[in-house]
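The chain contents come next:
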Amino acid sequence: MEKFLVIGERIHCISPAIRKALAEKDPAPILKRAKEQIEAGADYVDVNIGPAEKNGEELMTWAVQLIQSEFDNVPLALDTVNRKAIEAGLKVYNKEKGKAIINSADAGPRIDLFDLAAEYDAKIIGLCAKEGIPRDCEERIAYCTEMLEKAMEVGLDPSDILFDPLFLVIKGMQEKQSEVLEAIRQITEMGLKTTGGLSNVSNGAPKHVRPILDTGFAAMAIQCGLSSAIINPCDKELMDMIKTCDVIKNNILYADSYLDL
Amino acid sequence: MAFKMSVQEYKGKINEVEIGKGEKAIKLGGQQTLAFYDFDGDTGNSQKIGIEITDVYPEEWVTGLKEFYGDAAKNPAEWAKFVEEKLNPDFICLRLQGADPNELDKSPEECAEVAKAVVEAIQLPLVIAGTGNHEKDAKVFEKVTAAVEGYNCLFLAATEENYKSVGAAAGLAYGHKVGAESSVDINLAKQLNVLLDQLGVKYEDIVMHIGCSAAGYGFEYLVSTVDRIRLAALAQNDKTLQMPIITPVSFETWGVKETIAEESDAPDWGDREERGITMEVTTATSILSVGADAVIVRHPKSLETMKDFVCQFA
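Attention here is on the structure that accompanies the text. (Residues numbered from 1 in each chain as written. Chains lettered and ligands numbered in written order. Predicted model: local features only at pLDDT ≥ 70, side-chain atom pairs only at ≥ 80, totals over all residues. Heavy atoms only, no water.)

Quick notes on empty space enclosed by the protein
Residues and elements named next belong to chain A.
Here's step 1: One pass over the full model with this rule turns up 1 cavity of 30 Å³ or more.
Here's step 2: There is about 40 Å³ of room inside the largest cavity.
Here's step 3: Lining the largest cavity we find Met1, Glu2, Lys3, Phe4, Ile222, Leu226, Ser227, Asp246, Lys249 and Asn251.
Here's step 4: Taken together, the residues of the lining of the largest cavity sort by class into 4 nonpolar, 2 polar and 4 charged. (1 Å grid on protein atoms, 1.4 Å probe; cavity = no way out; pocket = protein on both sides within 12 Å on 5 of 7 lines; lining within 4 Å. Points joined across faces, edges and corners; volume = space filled by probe spheres on them. Nonpolar A, V, L, I, M, F, W, Y, C, P; charged D, E, K, R; others polar.)

Structure, rendered in structure tokens:
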């Protein structure tokens with residue numbers, strides 16, 4: 001198995017500092033967060049510019065070029081619901097270090113993003129949802145299959161799709177967690193890759209509890225086959241757990257200093 | 001439909017490490033696939049074969065070899081020159097056996113003089129091996145690395161016990177290449193590279209010596225170790241294991257009963273020298289097939305056979 005793929009989530013317009021930086025086109029806060037995440041071991045950096053209805057194309061172009069030129073063409077996940085902004089980002093994206101990830105399509109209104117992925121030779125996150133939250137594992141698998149068919153239609157390699165079973169908050173939706181894990185297991189058994197927004201699971205929990213919820217869920221999900229996640233790579237305990245899971249699954253070779261790598 | 005050959009592609013690539021200087025310098029590694037798998041990808045630089053010489057007269061060696069080298073073997077610099085002119089290997093390995101505390105216990109300064117004389121006498125790249133005594137090697141290499149500064153030698157080796165001093169002297173202070181020695185232990189092989197990196201030695205300046213054994217002496221374990229290391233380097237793109245591998249075959253094969261026993265003691269086994277060559281060639285061929293980028297042999301006949309082998313396959 002390939003080692004776990006870490007997508008860093010910290011460039012997100014929900015953060016006031018980033019929102020301000022995006023509004024003012026101020027490179028410093030964005031580059032700072034990119035740097036922190038790369039140094040902490042992120043394989044990909046997610047760039048969430050929000051809906052950016054007015055200037056999305058210009059903003060994504062700016063952000064992609066800014067981060068890639070500063071950090072040796074680090075691979076990026078282009079994260080917005082604005083299709084035109086994603087396309088603008090893909091146009092200037094340099095795939096020397098890895099294909100771009102489109103974040104994200106779904107089995108509903110955003111399924112046409114698969115066309116973009118095929119056209120620009122990008123990877124794509126496929127949210128196993130259509131409208132609202134999928135009820136159970138079965139519904140997730142149905143959406144997964146629909147997206148897979150769409151990918152076949154447009155000539156996208158299944159290995160370029162990261163299926164997101166939609167992680168749910170533990171506090172309030174405890175009874176749904178096993179369904180999510182089961183979906184990961186079944187998608188993995190089909191030979192497909194998976195991902196998800198890990199911090200969803202700890203939403204609303206006290207600050208000191210969140211890391212252990214995230215870390216525990218990550219370990220269980222990785223055992224079910226989870227091959228990547230959108231996470232905060234600066235959370236050292238979480239990163240240590242991911243490395244440990246990679247060692248236990250024999251995805252990386254053990255050495256006494258494996259946590260330092 | 002036309003037949004399409006399936007190809008196993010790997011993400012990782014073995015580092016290319018240069019030893020020596022000038023026209024005769026050699027490059028190890030650089031491949032993106034398993035040894036000799038040219039149908040799958042770039043096999044990088046061809047495997048290199050070196051000849052072993054020692055800093056003291058090799059009393060223990062088989063008579064045929066001692067006769068072949070004659071008086072040249074009494075002076076390491078003369079000996080090295082003889083090897084370069086007559087045998088033309090890819091490199092020479094000078095083994096500083098005289099420094100062994102259980103033998104002549106020569107001083108680091110004496111060793112440095114010998115190494116300097118040898119490196120100045122030849123054009124070929126020089127690999128310098130210690131005694132295997134970690135403490136003594138650390139002291140010896142401190143002087144020797146300085147004496148041969150500028151010649152880009154490879155030092156065998158830094159171990160878990162002495163990597164700090166050997167790594168600092170060879171890799172940092174005097175710009176040589178560091179051999180990282182682990183004894184057939186994949187986890188330690190990786191750990192040692194990480195430790196050298198943390199010390200400041202560049203991954204590109206490290207060659208791994210992951211242990212050796214003579215064929216028949218736990219050799220399968222060695223083979224599986226090389227295999228696992230290469231698959232981690234290529235398939236898992238593990239940067240901490242993408243170093244070329246050197247295997248000092250002769251250090252092991254001439255010390256086992258099949259090569260030590262005199263013909264008078266084991267008449268069924270035949271000529272001792274022939275046995276030694278067979279043992280050396282068998283081991284060297286096997287380890288090259290699984291992934292070693294360089295081997296050290298002792299007998300000219302072994303060198304000739306191995307060069308031919310590499311030539312035919314690479």
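Describing the sheet that holds strand β6 (residues 154-158) of chain B
Pairing between sheet strands relies on hydrogen bonds along the backbone, with the strands arranged either parallel or antiparallel.
Residue and element names in this part refer to chain B.
Here's step 1: Taken together, the 8 strands give an open sheet; going across it, the order is β8-β7-β6-β5-β4-β3-β10-β9, and neighbouring strands pair in parallel fashion. The open sheet has two edge strands, β8 (206-209) and β9 (246-247), and neither has a second partner.
Here's step 2: Pairing between strand β5 (residues 126-129) and β6: 3 bridges, direction parallel. Considered in β6, the bridge of Ala129 is made with Leu156.
Here's step 3: Along the sheet, helix α6 (residues 186-199) makes contact with β6, β7 (177-181) and β8, crossing β7 at roughly 145°. (Pairing = 2+ DSSP bridges. Helix = DSSP H or I, 4+ residues; strand = E, 2+ residues; numbered from the N terminus. Contact = heavy atoms within 4.5 Å. Axes fitted to C-alpha atoms, helices over the stretch in contact; angles between N-to-C directions.)

Quick word on the interface of chain A and chain B
Here's step 1: With 12 residues of chain A at the interface, the matching set in chain B holds 13 residues.
Here's step 2: Summed over both partners, the interface of chain A with chain B buries about 1,000 Å², with 50% contributed by carbon and sulfur atoms.
Here's step 3: Considering only the surface of chain A that becomes buried against chain B, Leu253, Ser257 and Leu261 of chain A emerge as the three largest contributors, covering 52% of it.
Here's step 4: Counting every contact that joins chain A to chain B gives 1 salt bridge. (Buried area = accessible area lost by both parts, 1.4 Å probe. Salt bridge = Lys/Arg side-chain N within 4 Å of Asp/Glu carboxyl O.)

With respect to the pairing of strand β2 (residues 44-48) of chain A
Residue and element names in this part refer to chain A.
Here's step 1: Among the 5 residues of β2, 5 are classified as buried, and the element is accordingly described as predominantly covered.
Here's step 2: What you see with β2 is no split at all: Tyr44, Asp46 and Asn48 on one side and Val45 and Val47 on the other are buried throughout.
Here's step 3: As paired elements, strand β1 (residues 5-12) and β2 share 4 bridges and run parallel to each other. Residue pairing across strands places His12 opposite Asn48, the latter belonging to β2. (Buried < 20%, exposed > 50% of the residue type's maximum accessible area, 1.4 Å probe, protein only.)

Notes on a nonpolar patch on the surface
Here's step 1: Taken together, Phe3, Met5, Val7, Tyr37 and Phe39 of chain B make up a surface patch of nonpolar side chains, about 550 Å² in accessible area.
Here's step 2: Residue Phe3 of chain B is classed as exposed on the basis of its relative accessible area, which comes to 73%. (Patch = residues over 30% accessible without salt bridge, like charges linked within 9 Å, V, L, I, M, F, W, Y side chains within 5 Å. Areas by Shrake-Rupley, 256 points an atom, 1.4 Å probe, with all protein chains shown as cover.)

Details of the environment of Thr247 of chain B
Residue and element names in this part refer to chain B.
Here's step 1: Take Thr247: it is sitting in strand β9.
Here's step 2: Note on Thr247: relative accessible area 1%, which makes it buried.
Here's step 3: Spatially, the C-alpha atoms of Thr247 and Ala2 are 42 Å apart, while their sequence positions differ by 245 residues.
Here's step 4: When sequence neighbours within four positions are dropped, the list of residues in contact with Thr247 reads Gly211, Cys212, Ile287, Ala292, Ala294, Val295 and Ile296.

A look at the packing of helix α2 (residues 27-39) of chain A against helix α3 (residues 56-70) of chain A
Residue and element names in this part refer to chain A.
Here's step 1: Look at α2 against α3: their axes get within 10 Å of each other, and the N-to-C directions meet at 55°. Classified by the angle their axes make, α2 and α3 are oblique. In this structure, α2 meets α3 at a crossing whose hand is right-handed. For the pair α2 and α3, contact is made by Pro27, Ile30, Leu31 and Ala34 and by Trp62, Leu66, Ile67 and Glu70, respectively. (Parallel < 35°, antiparallel > 145°, perpendicular 65-115°, else oblique. Left-handed = near helix turned anticlockwise from the far one by under 90°.)

Observations concerning the nonpolar core
Residue and element names in this part refer to chain B.
Here's step 1: Tyr69, Leu126, Ile128, Val144 and Ile287 are the most contacted members of the largest nonpolar core, which totals 81 residues.
Here's step 2: The leading source of residues in this core is helix α7 (residues 219-234), at 7 residues.
Here's step 3: If we skip the residues at most four places from it in the chain, Ile287 touches Phe219, Leu222, Val226, Thr247, Val249, Ala292 and Val295. (Core = buried A, V, L, I, M, F, W, Y, C linked by side-chain atoms within 4.5 Å.)

Some words on α3 of chain A
For an α-helix the count is 3.6 residues per turn, leaving residues at separations of three or four pointing the same way.
Residue and element names in this part refer to chain A.
Here's step 1: With 15 residues, α3 extends 21 Å between its outermost C-alpha atoms, agreeing within 8% with the 21 Å of an ideal straight helix rising 1.5 Å per residue.
Here's step 2: Within α3 the residues assigned to the buried category are Gly56, Leu59, Met60, Trp62, Ala63, Val64, Leu66, Ile67 and Gln68.
Here's step 3: Asp72 sits one or two residues past α3 and shows a positive phi near 50°. (Expected span 1.5 Å × (residues − 1).)

With respect to the pattern of salt bridges
All names here are of chain B.
Here's step 1: For the structure shown, the criterion picks out 31 salt bridges over all chains.
Here's step 2: In this structure, Arg272 and Glu262 form a salt bridge, with 2.9 Å as the shortest nitrogen-oxygen distance. Residue Arg272 is located in helix α10 (residues 272-290), and its partner Glu262 is located in the loop between α9 (257-260) and α10; the two are separated by 10 residues in the primary sequence.
Here's step 3: Take Arg272: its relative accessible area is 14%, and that puts it in the buried class.

Details of the sheet that holds strand β5 (residues 123-127) of chain A
Residues and elements named next belong to chain A.
Here's step 1: As summarised here, the arrangement of the 8 strands in space is β7-β6-β5-β4-β3-β2-β1-β8, forming an open sheet in which the pairing is parallel. Lying at the two open borders of the sheet, with one neighbouring strand each, are β7 (193-194) and β8 (228-231).
Here's step 2: As paired strands, strand β6 (residues 161-164) and β7 are joined by 2 bridges and run parallel to one another. Across the sheet, Phe163 pairs through a bridge with Thr194, a residue of β7.

Structural notes on the layout of surface pockets
Residue and element names in this part refer to chain A.
Here's step 1: When its volume is computed, the second largest pocket comes out at roughly 1,100 Å³.
Here's step 2: Lining the second largest pocket are 35 residues; nearest its centre among them are Glu9, His12, Ile14, Ser199 and Asn200.
Here's step 3: When residues of the lining of the second largest pocket are traced back to their parent elements, those giving at least two are β1, β2, β4 (101-106), β5, α8 (210-224) and β8.
Here's step 4: By residue class, the composition of the lining of the second largest pocket is 11 nonpolar, 13 polar and 11 charged.

Some thoughts on the environment of Glu9 of chain B
Here's step 1: Relative to the helices and strands, Glu9 of chain B resides in the segment before β1 (16-19).
Here's step 2: Sequence separation between Glu9 of chain B and Thr63 of chain B is 54 residues; the distance between their C-alpha atoms is 49 Å.

Description of a negative patch on the surface
Here's step 1: Among the surface-exposed residues, Asp256 of chain A together with Glu160, Glu161 and Asp185 of chain B lie close enough to one another that they form a single negatively charged patch.
Here's step 2: Assignment of secondary structure puts Asp185 of chain B in the loop between β7 and α6.
Here's step 3: Since its relative accessible area comes to 31%, Asp185 of chain B is described here as partly exposed. (Lys, Arg positive; Asp, Glu negative; His and termini not counted. Charge placed at Lys NZ, Arg CZ, Asp CG, Glu CD.)

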